[in-house]
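Coordinate analysis (summary)
Letter by letter, the chains look like this.
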Amino acid sequence: MKPFTFMRSLRNKLLVTLVLLHLAMIGGVTWYFYHCYGDMMGTMKDDQLAKIADAWSSSQRMPALMPMVMQQEKLKSTYIVQLWDTNNQLRASSWPALRAPLQAKKGWSDLKVGDCGDDCEWRVYTRPGELGSEIGNIQVLHNIGYMKSLMVKRVLSAIIPLMLMMPLSLMVIWLVVRAITRDLRVASRQIAAQETLHPHSVSPDGLPDEVLPLVAAYNALLDKLRAAWSSQRQFLEDAAHELRTPVTAVTLQLENLRQHIQPGEASRQFDQLEAGVTRTRHLVTQLLNISRQEDQSVVATVEAIELDDLLKESIEQLMVVADKRGIDIGFNGTTHYRLHASRSDLRSLFDNLIGNAMLHTPEGSLVDVLLHRVGNHTVVDIVDNGPGMPESFIERAFDRFTRSPGVQAQGSGLGLSIVRSVAQKHQMQVSLSNCHNPQGEISGLQVRVTLP
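Counting starts from 1 at the beginning of each chain's written sequence and moves along it residue by residue. The predicted origin of the model limits local features to residues at a pLDDT of at least 70 and limits the giving and counting of side-chain atom pairs to 80 or more, whereas totals for whole chains, interfaces and linings rest on all residues. Derived side-chain values reflect all non-hydrogen atoms in the structure, with water molecules and hydrogen atoms excluded from consideration.

**Thoughts on the environment of P208**
Threshold: Helix and strand definitions follow DSSP, with helices as H or I runs of at least four residues and strands as E runs of at least two, each counted in order from the N terminus. Here, residues are in contact when the closest pair of their heavy atoms is within 4.5 Å.
As for its position among the elements, P208 is in the loop between α3 (144-192) and α4 (212-257). The spatial distance from the C-alpha of P208 to the C-alpha of D183 is 8.0 Å, given a sequence separation of 25 residues. Excluding residues within four positions of it along the chain, P208 makes contact with I180 and L184.

**What about the UniProt feature "transmembrane region" (unreviewed entry) in the protein?**
Note the following rule: UniProt positions are given in the numbering used here, feature names are shortened, and annotations may be inferred rather than shown by experiment.
The sites that carry the UniProt feature "transmembrane region" (unreviewed entry) are, in the present numbering, residues 12-34 and 155-177. Helix makes up 100% of residues 12-34 and strand 0%. Its end C-alpha atoms lie 33 Å apart. For residues 155-177, helix accounts for 100% and strand for 0%, while the C-alpha atoms at its two ends are 31 Å apart.

**Here we look at the nonpolar core**
Basically, it comes down to this: Buried Ala, Val, Leu, Ile, Met, Phe, Trp, Tyr and Cys residues form a nonpolar core when they are joined through side-chain atoms within 4.5 Å. Burial here depends on accessible area, computed with a 1.4 Å probe over protein chains only, as a share of the maximum for the residue type. Under 20% is buried, over 50% is exposed, and the range in between is partly exposed.
Judged by nonpolar contacts, the single largest core of 41 residues is most densely connected at L307, L349, F350, V380 and V449. Here this core takes seven residues from helix α8 (residues 343-360), the largest share from any one element. Discounting chain neighbours no more than four positions away, the residues touching L307 are Y337, L339, F350, L371, V380 and L451. Ranked by size, the runner-up nonpolar core spans 12 residues in total, among them A53, A92, Y125 and V140.

**A few points about the sheet that holds strand β3 (residues 107-112)**
Here is the rule: A pair of strands counts as paired when DSSP detects no fewer than two bridges linking them. Under this scheme, a helix contributes an axis fitted over its contacting stretch, all axes are lines through C-alpha atoms, and angles between N-to-C directions fall in the 0 to 180 degree range.
Read from one edge of the open sheet, five strands run β2-β1-β5-β4-β3, paired in antiparallel fashion. Among the strands making up the open sheet, the edge pair consists of β2 (90-93) and β3. The sheet shows a mean angle of 25° between the axes of neighbouring strands, taken without regard to direction. In the sheet, strand β1 (residues 80-85) pairs with β2 via three bridges, with the strands oriented antiparallel. In the sheet register, W84 faces β2, and the bridge partner there is L90. Across the face of the sheet, α3 comes into contact with β3, β4 (121-128) and β5 (135-143) while running at roughly 35° to β5.

**Some details on the sheet that holds strand β11 (residues 429-436)**
Pairing is mixed across the open sheet formed by five strands, whose spatial order is β7-β9-β10-β12-β11. Edge strands, defined here as strands with exactly one partner in the open sheet, are β7 (328-333) and β11. Taking the axes of each pair of neighbouring strands and ignoring which way they run, one obtains an average angle of 20° across the sheet. Note that strand β9 (residues 366-374) and strand β10 (residues 377-384) share eight bridges and pair antiparallel. The residue of β10 that forms the bridge with V369 is I382. Running over the sheet, α8 touches β7, β9, β10 and β12 (442-450) and is turned about 30° from β10.

Quick look at the structure:
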């Protein structure tokens, strides 16, 4: 069952709360107006009943009442007068059809005539006639049901404007809530747009006071993370610099010893030692490169670069490796592309990608470097016909010190991490995908660099 997430939003909670308060206010106004208007109408009607009875009590003789001729529903809206003689006999009535008995209790009382709900309930005022008058008692009645219906109409006429204003009120509430939460959305977009390795603090300008402690805590956490990353970069750089000198010294000593090594087992073991030192020197160089890529204090020189020329330079630099392994590396540029960037950064990016292709493809195979248009973008594709990469590993290929399982070629596991860092700095996108032959088998790896 999908969880109900509507009320998890602060904006939705505020909107629902304000709507409920608005409805509760309308209900409260309705209840209050109904009861206040009912009390006022009841008091006024009672006074009128008493005044009408007092007016008739001044007559000494029994007058003749002309029955009112109108519809029954309209009769209920009038005052009904009943005159009783001294023997408690009904002598005159403005509505003879109404069989309301004489009340023993003098003053105001409620009377129900028949069995028809509120329409049969009457408010009665009873008083005796004056001494010496033929009128023994006077009763004046009005219909309670009619008064209640009148009260309902008056209440509806009062709350209908409130109901009509409710959509406008809801619109105003929605706009106010939207304005309040706009700054929160701006802050969330700032946080979502943060660079992974170079986050920046969130500005508290315009944010509500209630959110400022959260923003301050987030910025404090970023300061701690930046300090930790700075210490890590400094450690990598210091360690790489400290290792550089002894590794260089060992390399020179190995070159001096080469001429003294006898052929056979000693030469084979010497080759393994030399390969290990070479790999260590490459790792030190990669550590220095990655620390420099992540150091924001280092401002690289930006210049206009013809990308096809830079790719040819990178290929020429790596031709020694290609010739040694018998790899046929080719370049095909069907378009020209100029960008403003750091030449050293781009050389680091493409040297790593082309070097990885030549390192992981079998000896005597092919590596193609293509500069062309795909859709609306200019891309650089580096395609080899090596063993490819497991699909489950492609997402983790750019992590540091991560190498594809089953790869026999030597490497540090830092090359693609450096590539990602350079690509992010220059708004490029790097993606990996396996190539497949007609039988559906993996026949190589394609690295695509999408240029900005």
